[in-house]
Amino acid sequence: MVEIKTAEQIAKMREAGLVVAAIHAATREAAVPGATTKDLDEVARKVIAEHGAKSNFLGYGGFPATICTSVNEVVVHGIPDEKTVLKDGDIISIDAGAIVDGWHGDAAFTAFVGTGHAPELIELSRVTEESMWAGIAAVKNGNRLVDISKAIEGYIRRQPRPATGKYGIIEDYGGHGIGSEMHMDPHLLNYVSRKRGKGPKLVPGFCIAIEPMVSLGTARTHVLEDDWTVLTDDMSWSSHWEHSVALTEEGPLVLTAVDGGRAKLAEYGVTAAPDPLA
Ligand code: MG
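Residues numbered from 1 in each chain as written. Predicted model: local features only at pLDDT ≥ 70, side-chain atom pairs only at ≥ 80, totals over all residues. Heavy atoms only, no water.

Looking at an unreviewed UniProt entry, one finds the chain named Methionine aminopeptidase and attributed to Streptosporangium nondiastaticum. The annotation that UniProt attaches to the chain under Subunit (unreviewed entry) is "Monomer." One UniProt comment on the chain, placed under Catalytic activity (unreviewed entry), says "Release of N-terminal amino acids, preferentially methionine, from peptides and arylamides." (UniProt positions renumbered as here; feature names shortened; annotations may be inferred.)

Asker: Explain the overall build of the chain to me, please; I cannot follow it from the model alone.
Answerer: Looking only at helices and strands, the chain features five helices and 14 strands. Put simply, the chain has 26 plus and 38 minus side-chain charges, and the middle of one group is 8 Å from the middle of the other. (Helix = DSSP H or I, 4+ residues; strand = E, 2+ residues; numbered from the N terminus. Lys, Arg positive; Asp, Glu negative; His and termini not counted. Charge placed at Lys NZ, Arg CZ, Asp CG, Glu CD.)

Asker: Sorry if this is basic, but what is going on with the pairing of strand E1 (residues 67-71) here?
Answerer: For a regular strand, side-chain orientation follows a simple rule: the groups alternate between the two sheet faces. Across the five residues of E1, five count as buried, placing the element largely inside the fold. Residue alternation in E1 divides its side chains into two sets, Ile67, Thr69 and Val71 and Cys68 and Ser70, and both sets are buried. (Buried < 20%, exposed > 50% of the residue type's maximum accessible area, 1.4 Å probe, protein only.)

Asker: What exactly am I supposed to notice about the packing of helix H3 (residues 119-137) against helix H4 (residues 145-158) here?
Answerer: Angle between the axes and distance between the axes are the two parameters that describe a pair of packed helices. Closest axis-to-axis distance for the H3/H4 pair is 8 Å, and the angle between their directions is 150 degrees. Here H4 runs roughly antiparallel to H3, going by the angle between their axes. Once H3 is placed against H4, the crossing between them reads as right-handed. Residue-level inspection shows Arg126, Val127, Glu130, Ser131, Ala134 and Gly135 of H3 in contact with H4, the latter providing Ile148, Ala151, Ile152, Tyr155 and Ile156. The class makeup of the residues in the contact of H3 with H4 is seven nonpolar, two polar and two charged. (Axes fitted to C-alpha atoms, helices over the stretch in contact; angles between N-to-C directions. Parallel < 35°, antiparallel > 145°, perpendicular 65-115°, else oblique. Left-handed = near helix turned anticlockwise from the far one by under 90°. Contact = heavy atoms within 4.5 Å. Nonpolar A, V, L, I, M, F, W, Y, C, P; charged D, E, K, R; others polar.)

Asker: Looking at this structure, how should I read the sheet that holds strand E12 (residues 238-240)?
Answerer: Hydrogen bonds along the backbone pair up the strands of a sheet, which may run parallel or antiparallel. Read across the open sheet, the three strands follow the order E5-E9-E12; overall the sheet is antiparallel. The strands lining the two open edges of the sheet, one partner per strand, are strand E5 (168-169) and E12. Strand direction decides the pairing type here: strand E9 (residues 213-215) and E12, joined by three bridges, are antiparallel. When the sheet's bridge partners are listed, Ser215 is paired in E12 with Ser238. Seen against the sheet, H3 touches E9 and E12 and runs at an angle of roughly 35 degrees to E12. (Pairing = 2+ DSSP bridges.)

Asker: Mind showing me how you'd approach the UniProt feature "domain: Peptidase M24" (unreviewed entry) in the chain here?
Answerer: Sites flagged by UniProt as "domain: Peptidase M24" (unreviewed entry) map to residues 12-249. As a span, residues 12-249 carries 28% helix and 25% strand, and end to end its C-alpha atoms are 17 Å apart.

Asker: Please explain the pattern of salt bridges as it appears in this structure.
Answerer: A side chain of one charge can pair with a side chain of the opposite charge when the charged atoms of the two come close. Evaluation of the coordinates by the stated rule reveals ten salt bridges. A salt bridge links Glu130 to Lys264, with the nearest nitrogen and oxygen atoms 2.9 Å apart. Note that Glu130 is positioned in helix H3 and Lys264 in helix H5 (residues 262-267), a separation of 134 residues in sequence. Of the two residues, Glu130 and Lys264, both sit in the buried class. Among the ionic contacts, a cluster of salt bridges with common partners joins Lys12, Glu15 and Asp101. (Salt bridge = Lys/Arg side-chain N within 4 Å of Asp/Glu carboxyl O.)

Asker: Would you take a moment to explain helix H1 (residues 7-30) for this structure?
Answerer: Structural remark: α-helix, 3.6 residues per turn; residues separated by three or four positions point the same way. Counted at 1.5 Å a residue, the expected span for H1 with its 24 residues is 34 Å, and the 35 Å between its end C-alpha atoms agrees. Turning to H1, its buried residues number three or more, namely Ile10, Ala11, Met13, Arg14, Ala16, Gly17, Val19, Val20, Ala21, Ile23, His24 and Thr27. (Expected span 1.5 Å × (residues − 1).)

Asker: Mind showing me how you'd approach the coordination of the magnesium ion here?
Answerer: Tetrahedral metal sites with four donors have an ideal angle of 109.5 degrees; octahedral sites with six donors have ideal angles of 90 or 180 degrees. Around the magnesium ion, the donor atoms from the protein are Asp106 (OD), His176 (NE2), Glu211 (OE) and Glu242 (OE), and they sit 2.1 to 2.4 Å away. Donor residues binding the magnesium ion come from one chain and are separated in sequence as D-x69-H-x34-E-x30-E. Here the residue Asp106 occupies a position in strand E4 (residues 103-112), and Glu211 occupies one in the loop between strand E8 (207-210) and E9, the gap between them amounting to 105 residues. Here Asp106 matches Glu211 in class, with each residue buried. (Donors = N, O, S within 2.8 Å, 3.2 Å for Na, K, Ca; no water.)

Below, the structure is given as structure tokens:
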């Protein structure tokens, strides 16, 4: 069953989404050489407290922190700690969430630590982010869930191959419904699977977290003994981008983007829905 939200519930999710956007801004600024991933977690914890929100990551299935910090070959679910010191040239994917009055937001981005990154790393993050936006632009009334998967995979496959061979679209993890819980039906693949149907029809009140994960090598991953940290099997570096999106009568609203997705969606010829809090 897919949870369909009222306009009032979407407005609450927008509040949560803006807290997530504030966590992103603060942790992006703090992700500098010499900082530990624990430092970033502390920054996120403070932002959530300042907004009077709650963390949905802390304690989720026993997760011990407020954000996930996934450095270089770590794809997702990296646990912040004092031992992981960011170095010039690293890339880090920061995944963050918040709850306001029981309604959830969830979003992630990849940041460059310091300077001097190889062009293929910059391109990896760009391709991953842009595939997310292609997916968001497919959140249209009358489309099916598979149309989002198709848009994400199609965008990645159309890009020039990296020098390392090809992009690995991670298959073990994907997007998800979001609302009164962080992870809800339906599961969203970042590729089209013949084994799966077209999925539910997208209707006003449908909310989904769209989160492509792409590596410079394999699509295969494994989990470390801490039961959380997900790495690529070939240790190739990877990128993760995510936004939470609500579909309304007037089109998609990107709940976790400060401008509601207006600027990026315009590049796809899509008008973002009005911000219920504006
Ligand atoms: Mg998510």
